[in-house]
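# Structural features, examined
Each chain, written out:
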Amino acid sequence: MTINTIEKNQTLEDMGLIKDGKIININPAKITEIVSEHVIDSQADLDKKLKKSQEAFLKWKKLPAPTRAQYLAKANIIFAERKEELSLILHRENGKPLEEARGEIQEIIDVFEFFIGEGRRMYGTTGQSEMPNKTIMTIKQPIGPAVFITAWNFPAAVPSWKAAPALICGNTFILKPSELAPLSGKLFVDVLNEAGLPEGVAQCAFGAGDVGEYLAKHELTKIVSITGSVAVGRHVAEIAANGFKKCALELGGKNSTIVLKDADLDLVEDGVLWGAYGTGGQRCTSTSRLIIEKSISSEVISRLEKRSKALYDETNNKCAINYAPIINKKQLEKIHRMVEEAIKEGAELVCGGKILDDGTHNGYFYAPTILKVKHGMKISTTEVFGPVLSVIEIDEKDKETALEKAMIIANDIEYGLSNSIFTKDVNLGMQAVHDFESGLVYLNAPTIGAECGGASQFGGWKNTGNGSRESGIAALETYTQYKTIAIDYSGKLQRAQID
Ligand code: UN1
């Protein structure tokens, strides 16, 4: 995904989102509606926040983890009480349907619930010493102030994936939410402070990429976690490497669903539709490619075409209610350009392929689009971040060879976030699960909708990430460093490897 949709060297002024030093946050489903305004932090403001974060860290890290968990538990009561209000705000600032917005706020609650429990675990290890009367153990300790750079598509939940483990482990943070949807991130931090978190433990900073970069580079920052594009992720990783900072990257995706001919086609229809068009196709997990056996592809395509068309009103070129808008005009035009270029390159347009509303009447909406493509075309390997599904047919005589071929195509991309397969054949299903080169894999389910808050360790392989995981236990790795403690109670000098 494009980081905060602001590319390097592009300013907020270029995008018409800034006025008198403020970010203007508009509803992409109704662009005349200003949802909020946020003063952009100056360098002096950022320095102050960083200093505060460092000072708060020195105290926060001293609290026992179960005590820190109590603060998170108080915050979680507030999140639950304010769920509807926060969902409505998220729905307005991001445009995603209210049902999806409610799900996203619920995700915060789930993630917090999990990490509250970690306050009473956070296990280390104990080892058997080579010597008598000696014990060796390893404990996890916090690292320091963290900076979170997050995107507009999950502006409430993704900050929680980072904040909950960071806090429970004893770190402090500054969140730099996307300038395209900053309010949900701000409210997330407000709730933490309302729950009584000591001053400076959880803060927010506003601005575009330059603000994120300043925070990431600063010597007081010890951890940087970013959800964004590969280009910006690489840049942040370089900054982090230079400063020996811990770094967590969750970057782009080009996710495939493979459908074998024995699959339950009703399930395929519902699953692919949700995977491709949920959040307007603007999830890093969105289903972007459908790799399907030729013998069933016409039926599946015609079912998907019918359902895609039902998502909007063709005559009036308007979207139906439960369909997310595109975040801004620039992204809307980019999606359309990609579709047009794909058609020029030989892709066959099944449905969609047009801007429903460029903001003139209502919001930024793109028609749910299906293209029949060949693997290797630009559209089949590049992330679109919009409601565009590329269908690739596999023509083999048996399922086994079809799966082999489909797997080569599914894995022949730079990304490795989420893939899925629909089949009733348990052996082939499990072989696919094993062979997909991605951090998330689904059997008989779409590529989106990871359960966050324990069970899933969210994260990607290849250019999607750097091995870090979020929203589950492995996230503790990003926010802790190990300390090995050797306690010798023999009363004499015992020399390792010598005595
Ligand atoms: C993202 O798009 O950055 O698995 C996160 C999912 C959601 C998270 C998406 N729970 O689709």
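The preceding data block contains the structure.
Here is a short report on the structure shown in this document. (Residues numbered from 1 in each chain as written. Predicted model: local features only at pLDDT ≥ 70, side-chain atom pairs only at ≥ 80, totals over all residues. Heavy atoms only, no water.)

### Here's the deal with the overall build of the protein chain
Counting its secondary structure elements, the protein chain contains 15 helices and 24 strands. A compact globule built from 499 residues would reach a C-alpha radius of gyration of about 23 Å, and the protein chain, at 24 Å, matches this within 12%. Looking at the 499 residues of the protein chain, the share that counts as buried comes to 58%. Within the protein chain, residue pairs in contact and separated by at least 24 positions form 73% of the contacts whose partners lie at least 6 positions apart. When the accessible surface of the protein chain is split by element, carbon and sulfur atoms take 52% of a total near 20600 Å². (Helix = DSSP H or I, 4+ residues; strand = E, 2+ residues; numbered from the N terminus. Rg over C-alpha atoms; globule rule 2.2 N^0.38 Å. Buried < 20%, exposed > 50% of the residue type's maximum accessible area, 1.4 Å probe, protein only. Contact = heavy atoms within 4.5 Å. Areas by Shrake-Rupley, 256 points an atom, 1.4 Å probe, with all protein chains shown as cover.)

### With respect to the site of the ligand
Around the ligand there are 13 residues in total, and R283, C284, T285, G449 and A450 lie nearest to it. Contacts to the ligand include T285, whose side-chain N or O atom sits 2.7 Å from an oxygen atom. A450 has a polar backbone atom sitting 2.7 Å from an oxygen atom of the ligand. Burial of the ligand by the protein amounts to 99% of the accessible area it has alone, namely 320 Å². (Near = heavy atom within 4 Å. Polar contact = N/O pair within 3.5 Å; in protein donor to acceptor, adjacent residues only side chain to side chain.)

### Brief notes about empty space enclosed by the protein
By the definition in use, this model includes 4 cavities of 30 Å³ or more. Taken together, 14 residues line the largest cavity, and the ones lying closest to its centre are G281, S286, S288, V384 and F385. Looking at the lining of the largest cavity, its residues break down into 4 nonpolar, 7 polar and 3 charged. Taken as a whole, the second largest cavity holds about 50 Å³ of empty space. In terms of lining residues, the second largest cavity is bounded by F79, L86, L90, I105, I108, A156, S184, L187 and F188. Here the lining of the second largest cavity takes 3 residues from helix α6 (residues 182-194), the largest share from any one element. (1 Å grid on protein atoms, 1.4 Å probe; cavity = no way out; pocket = protein on both sides within 12 Å on 5 of 7 lines; lining within 4 Å. Points joined across faces, edges and corners; volume = space filled by probe spheres on them. Nonpolar A, V, L, I, M, F, W, Y, C, P; charged D, E, K, R; others polar.)

### Overview of helix α5 (residues 157-168)
Spanning 12 residues, α5 covers 17 Å between terminal C-alpha atoms, matching the ideal 16 Å at 1.5 Å per step. Within α5, 12 of the 12 residues are buried, which leaves it mostly tucked inside the rest of the structure. What α5 keeps buried is the set A157, V158, P159, S160, W161, K162, A163, A164, P165, A166, L167 and I168. Phi for G170, located one or two positions after α5, is positive at around 105°. (Expected span 1.5 Å × (residues − 1).)

### Remarks on the packing of helix α1 (residues 43-60) against helix α7 (residues 209-217)
One way to put it is that α1 packs onto α7 with a least axis distance of 11 Å and a crossing angle of 40°. On the basis of their axis angle, the class for α1 and α7 is oblique. Relative to α7, α1 is oriented so that their crossing is right-handed. In contact with Q43, L46, D47 and L50 of α1, α7 contributes V211, Y214 and L215. Per-class residue counts for the contact of α1 with α7 are 5 nonpolar, 1 polar and 1 charged. (Axes fitted to C-alpha atoms, helices over the stretch in contact; angles between N-to-C directions. Parallel < 35°, antiparallel > 145°, perpendicular 65-115°, else oblique. Left-handed = near helix turned anticlockwise from the far one by under 90°.)

### Brief notes about the pairing of strand β11 (residues 255-259)
Counting buried residues in β11 gives 5 out of 5 residues, a clear majority hidden from the surface. Of the two faces of β11, both are covered, the one formed by N255, T257 and V259 as well as the one formed by S256 and I258. The pairing of β11 with strand β12 (residues 287-293) spans 5 bridges and is parallel. Paired with T257 across the strands is L290, a residue of β12. Between the parallel pair β11 and β12, the chain is carried across by helix α9 (residues 265-277), and the sense of this crossover is right-handed. As judged from the 3 bridges shared by β11 and strand β21 (residues 418-422), these two strands associate in the parallel manner. Residue T257 lies in a different strand from β21, and its bridge partner there is S420. (Pairing = 2+ DSSP bridges. Right-handed = clockwise from strand over helix to strand, strands pointing away.)

### Here's the deal with the environment of G363
Relative to the assigned elements, G363 resides in the loop between β16 (355-358) and β17 (364-366). Note: C-alpha distance between G363 and T32 (331 residues apart in sequence) is 8.6 Å.

### A word on a nonpolar patch on the surface
A contiguous nonpolar surface patch, about 270 Å² in accessible area, is contributed by V426, M430 and L443. Locating M430 in the fold gives a position in helix α14 (residues 426-435). (Patch = residues over 30% accessible without salt bridge, like charges linked within 9 Å, V, L, I, M, F, W, Y side chains within 5 Å. Salt bridge = Lys/Arg side-chain N within 4 Å of Asp/Glu carboxyl O.)

### Things to note about unusual backbone geometry
Peptide bonds are mostly trans, and most non-glycine residues show a negative phi. Positive phi outside glycine occurs at F385, with the angle close to 60°. By the secondary structure assignment, F385 is in the loop between α12 (378-381) and β19 (388-394). Of note, S471 is a non-glycine position whose phi angle comes to about 70°, a positive value. The topology assignment puts S471 in the loop between β23 (461-462) and α15 (476-479).

### Observations concerning the nonpolar core
Ranked by internal contacts, the top residues of the largest apolar core, which has 62 residues, are F79, F112, F173, F188 and L192. A total of 9 residues in this core trace back to one element, the largest contributor, which is helix α4 (residues 98-118). Within the second largest apolar cluster, 30 residues are counted, among which are Y364, Y366, V388 and L403. (Core = buried A, V, L, I, M, F, W, Y, C linked by side-chain atoms within 4.5 Å.)

### Considerations on the sheet that holds strand β9 (residues 223-227)
Within a sheet, neighbouring strands are paired by backbone hydrogen bonds and run either parallel or antiparallel to one another. Taken in spatial order, the 5 strands of this open sheet run β8-β7-β6-β9-β10, and their pairing is parallel. Every interior strand has two partners, whereas the edge strands, β8 (202-204) and β10 (246-250), have only one. The average angle at which neighbouring strand axes cross in this sheet is 15°, direction not considered. Bridge count for strand β7 (residues 173-176) against β8 is 3 bridges, and the pairing is parallel. Each residue of the ladder has a partner; that of F173, found in β8, is A202. Helix-sheet contacts for α6 involve β7 and β8, and the interaxial angle to β8 is about 155°. Across the sheet, α7 lies against β6 (146-149), β7 and β9, angled at about 160° from β7, the strand it touches most.

### Quick word on the sheet that holds strand β24 (residues 481-488)
The 3 strands lie next to each other as β4-β5-β24, forming an open sheet whose pairing is antiparallel. Among the strands making up the open sheet, the edge pair consists of β4 (125-128) and β24. Adjacent strand axes in the sheet meet at a mean angle of 20° when their direction is disregarded. In terms of strand pairing, β4 meets strand β5 (residues 134-141) through 4 bridges, oriented antiparallel. By the bridge assignment for β5, G127 is matched with I136.

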